[in-house]
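Coordinate analysis (summary)
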Amino acid sequence: QVQLVESGGGLVQPGGSLRLSCAASGFTFSRYTMSWHRQVPGKERELVASILSFDGSTNYADSVKGRFTISRDNAKNTMSLQMNRLKPDDTAVYYCKAALRMDPRIVYWGQGTQVTVSS
């Protein structure tokens, strides 16, 4: 049974930090490109950051470059997103996604975790 379980969301003041985690099970984690996405009501889900498995290459949305850092641990089947200098515009539900590198049509999503940036 495939599972992606996000954790670490919550309420934080502007300028603060949060660390999101995604725990994966039920599939061969190292074969999948992992990514974080976020969505606010009424808007499309958007890519925040992604990380490849075979070389650890990362990609970030322009809006989070220099503030967020994505990482993965293939031995522990986990992925993280360190979010610093958070802004109110970062408020969203954050989702973990796994896409099979050899066939990106095979995709798994987590259930999401709420991040709220507010004073």
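See the structure printed just above.
Right, let's walk through the structure included here.

A few words on the pairing of strand β4 (residues 32-39). Judged by how many residues are buried, β4 sits mostly within the fold: seven of eight residues are covered. Pairing of β4 with strand β9 (residues 92-100), which is carried by eight bridges, proceeds in the antiparallel orientation. Each residue of the ladder has a partner; that of serine 35, found in β9, is lysine 97. Pairing analysis gives five bridges linking β4 to strand β5 (residues 46-51), with the strands arranged antiparallel. Pairing of serine 35 across the sheet is with serine 50, part of β5. Hairpin remark: β4 followed by β5, antiparallel, with six residues in the connecting loop; positive phi at glycine 42, about 85°.

It is worth spelling out the state of the cysteines at this point. The bond known as a disulfide is covalent and runs between the sulfur atoms of two cysteines. On inspection of all chains with the given rule, the structure shows one disulfide. Put simply, cysteine 22 and cysteine 96 are joined by a disulfide, and their sulfur atoms are 2.0 Å apart. Looking down the S-S bond of the cysteine 22 and cysteine 96 bridge, the torsion is -65°, so its handedness is left-handed. Residue cysteine 22 is found in strand β3 (residues 18-25), and its partner cysteine 96 is found in strand β9; the two are separated by 74 residues along the sequence. For cysteine 22, a relative accessible area of 1% corresponds to the buried category.

Parameters at a glance
- Residues numbered from 1 in each chain as written.
- Predicted model: local features only at pLDDT ≥ 70, side-chain atom pairs only at ≥ 80, totals over all residues.
- Heavy atoms only, no water.
- Buried < 20%, exposed > 50% of the residue type's maximum accessible area, 1.4 Å probe, protein only.
- Helix = DSSP H or I, 4+ residues; strand = E, 2+ residues; numbered from the N terminus.
- Pairing = 2+ DSSP bridges.
- Disulfide = S-S within 2.5 Å.

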